[in-house]
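Breakdown of the fold
Residues per chain are reported as follows:
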Amino acid sequence: MGFLDIAGLGKAHYHEYGSGSKPLLAFHGYGMTGRQFHVLQKSILKEYHVYGFDHFFHGESKLTDWSESQIVAGMPKAMVKAYVEEWFKIYGRQRFSVMGYSIGANIALILLEEYADLIDDVILMAPDGLSVYKGFHFLTHQPFGRAFFKTVTKSKWLAPGLMKGLKKVGFIDESLFNIAYNEIDTEQKRQDVYYTLNLIRLLKPDTAKIAQLINQYNIKCRLIFGKSDNLFPKSAATPFLNTLDSPDVHEVALGHWLVVKELDEYLNDLGHTLPKPHPNPSPKEKG
């Protein structure tokens, strides 16, 4: 574990784990830390050495001298590149892979925009960023939605009531309700939700550019969706998937809460049935 000192941003904390040799920069979902992927011991951790980053307002990552108005305005997309540049200062410039779950997929995809020529593999699980999620967009980009979001954050009863209403109409399932409800039951947690979603509001990947780069550099791209995920389902990502030459796409019998032992077993079994891929050729080698 360690920290990256990112100028103008703060200290990004990361965890190191995994017995594999391939470096993998990993970005977790809301309410977790960079240790979230440690459960994937039989699959991902055998192949990769994971550097799992804590999002800001999670774990030990800390913004430096950011006012509330700066946080609400959002972190500039260009700052994401600084994660890798600082990581290179410690570990040397080298090839690497990226992984992202839920909101963490946005950062993984933006890194692909910047470093496609150095990236071997991309692993996305229930990914945000492949389409516009109307709920988040309303809360973080529309004037009325932003005002409503701020009001809900300050209220002790509005947020829980809203979650119960969304569950009642089937917008979120039981597991997602339990996760979300546990993240809004105190004033501090509600503020962290508000700050987190606003901080990342500008971190929107250019999916057309990303698809072109994945195809150009023949980057191995594995995407995993939950069959009963109502938040980031496969159907929302289908337009993006259709632009890729050879995506490795899976739907598993889970909801949005994907990073669990069942997924590890699924991926482990998958590894036993599929042949090992050949190393990706460079664009020059492909002619």
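Residues numbered from 1 in each chain as written. Predicted model: local features only at pLDDT ≥ 70, side-chain atom pairs only at ≥ 80, totals over all residues. Heavy atoms only, no water.

Now for the packing of aromatic side chains. Each aromatic ring pair is characterised by the separation of its centres together with the angle its planes make. All told, the structure shown has 17 aromatic pairs when counted by the stated rule. Summarising the aromatic geometry, the rings of F88 and F96 are spaced 6.1 Å apart at their centres and angled 70° between planes, so their arrangement reads as edge-to-face. Comparing F88 with F96, the two get one shared label, buried. The residue whose ring lies beneath R35 is Y17, and the NZ or CZ to ring-centre distance is 4.7 Å. (Phe/Tyr/Trp six-rings, centres within 6.5 Å; stacked < 30°, edge-to-face > 60°. Buried < 20%, exposed > 50% of the residue type's maximum accessible area, 1.4 Å probe, protein only. Lys NZ or Arg CZ within 6 Å of the ring centre and 35° of its normal.)

The next point concerns the pattern of salt bridges. Applying the stated criterion across every chain, the model contains 10 salt bridges. Linking D121 and K22 is a salt bridge whose minimum nitrogen-to-oxygen distance equals 2.7 Å. Taken together, the residues span a long stretch of sequence, with D121 in strand β7 (residues 119–125) and K22 in strand β3 (residues 22–27) at a distance of 99 residues. A residue is classified by how much of its surface remains accessible, and D121, at 5% relative accessible area, is buried. Given the relative accessible area of 26%, K22 is considered partly exposed. One network of salt bridges, in which partners are shared, links K22, E47 and D121. (Salt bridge = Lys/Arg side-chain N within 4 Å of Asp/Glu carboxyl O. Helix = DSSP H or I, 4+ residues; strand = E, 2+ residues; numbered from the N terminus.)

Here we take up the confidence of the model for the protein chain. Here the protein chain averages 88 in pLDDT, while 86% of its residues score no lower than 70. Confidence over residues 274–287 falls short of pLDDT 50; this stretch has 15 contacts with residues more than four positions distant or in other chains. (pLDDT = per-residue confidence, 0-100. Contact = heavy atoms within 4.5 Å.)

Inspection of helix α10 (residues 207–216) places I210, A211, L213 and I214 among the buried residues, and these make up the whole buried set. Looking straight down α10, one finds that the buried residues subtend no more than 165° of arc, so they occupy a single side. Elements in contact with the buried residues of α10: α4 (104–115), β8 (220–226) and α11 (234–241). Downstream of α10 by one or two residues, N218 has phi in the positive range, about 50°. (Arc of directions from axis to C-beta.)

Turning our attention to the environment of S235. Secondary-structure assignment places S235 in helix α11. Note on S235: relative accessible area 57%, which makes it exposed. Residues S235 and S131, 104 residues apart in the sequence, show an inter-C-alpha distance of 9.9 Å.

Our focus in this paragraph is helix α3 (residues 80–91). Between its terminal C-alpha atoms α3 stretches 18 Å, which fits the 16 Å expected from 12 residues at 1.5 Å a residue. Those residues of α3 not exposed but buried are V80, Y83, V84, E86, W87 and F88. Residues of α3 that are buried in the fold lie against β1 (2–6), β2 (10–17), β3, β4 (48–53), β6 (96–101) and α4. (Expected span 1.5 Å × (residues − 1).)

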